[in-house]
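Examination of the molecular architecture
Listed below are the residues making up each chain.
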Amino acid sequence: ICQDIFWRLHKRGFISADTVEQLFCENCQRFLADRFVEGICPFCAYEDARGDQCDKCGKLINAVELKNPRCKTCAKQPHIKSSSHLFLDLSKVSMPSEVVTAM
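Model, not experiment: these values are computed from the prediction. (Residues numbered from 1 in each chain as written. Predicted model: local features only at pLDDT ≥ 70, side-chain atom pairs only at ≥ 80, totals over all residues. Heavy atoms only, no water.)

With respect to the environment of Gln29
Defined as follows: Each helix corresponds to a stretch of at least 4 residues labelled H or I by DSSP, and each strand to a stretch of at least 2 residues labelled E; elements are numbered beginning at the N terminus.
Within the secondary structure, Gln29 is located in the loop between strand 1 (15–25) and strand 2 (30–31). When the C-alpha positions of Gln29 and Leu86 are compared, they lie 21 Å apart, and in sequence the two are 57 residues distant.

See the structure below:
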């Protein structure tokens with residue numbers, strides 16, 4: 001079912017590809033989700049900021065912006081690596097207003 005939905009969206013041009021910069025841990029051999037990265041906050045210099053936000057100053061952070069990032073799994077320093085991703089273009093996938101109203 002999922003593949004069928006994906007391919008129908010793809011054929012209609014609702015799926016686009018783009019390159020994203022992410023942190024990659026060579027030791028763990030994987031791209032690190034925000035929750036698996038810690039480092040120094042680029043705004044307030046808090047040393048244990050997470051890859052999505054700083055608990056000290058409350059600012060939202062992109063993991064690649066952290067200073068001295070480290071993998072929470074192995075504590076090694078990851079590096080920035082490009083990764084290809086597929087995105088659903090929500091502006092192209094809009095339901096008719098009468099369908100939304102009926103929900």
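Don't stop here, the text continues.
Remarks on a nonpolar patch on the surface
Put simply, the rule is: Patch membership requires over 30% relative accessible area and the absence of a salt bridge. Like charges are linked within 9 Å, and nonpolar side chains (Val, Leu, Ile, Met, Phe, Trp, Tyr) within 5 Å. Under the convention used here, a 1.4 Å probe and the Shrake-Rupley method define accessible areas, while residue burial counts only the protein chains that appear. Salt bridges are identified by distance alone: a Lys or Arg side-chain nitrogen within 4 Å of an Asp or Glu carboxyl oxygen. Note on classification: 1.4 Å probe, protein chains only; a residue is buried when its accessible area is under 20% of the maximum for its type, exposed when over 50%, partly exposed between these limits.
There is a patch of nonpolar side chains on the surface, built from Leu88, Leu90 and Val93 and spanning about 260 Å² of accessible area. Tracing the backbone through its elements, the reader meets Leu90 in the loop between strand 6 (79–88) and helix 2 (97–102). Note on Leu90: relative accessible area 62%, which makes it exposed.

Concerning the environment of Ser82
We count it as follows: Residue contacts are defined here by distance: any two heavy atoms, one from each residue, within 4.5 Å place the two residues in contact. By the criterion applied in these results, polar contacts are pairs of N or O atoms within 3.5 Å in which, for protein atoms, one can donate a hydrogen and the other can accept it, and in which residues neighboring in sequence qualify only through two side-chain atoms.
You can see Ser82 is positioned in strand 6. Placed 59 residues apart in sequence, Ser82 and Leu23 show a C-alpha to C-alpha distance of 8.6 Å. Once residues lying within four places of it in the same chain are set aside, the contact partners of Ser82 are Thr19, Val20, Glu21 and Phe31. Within the local environment of Ser82, its side chain forms a polar contact with the side chain of Glu21, the two groups lying 2.6 Å apart.

Things to note about unusual backbone geometry
Its identity is not glycine, yet Gln29 carries a phi of approximately 55°, on the positive side. A positive phi angle, close to 50°, is found at Asn68, a residue other than glycine. Within the secondary structure layout, Asn68 lies in strand 5 (residues 67–71).

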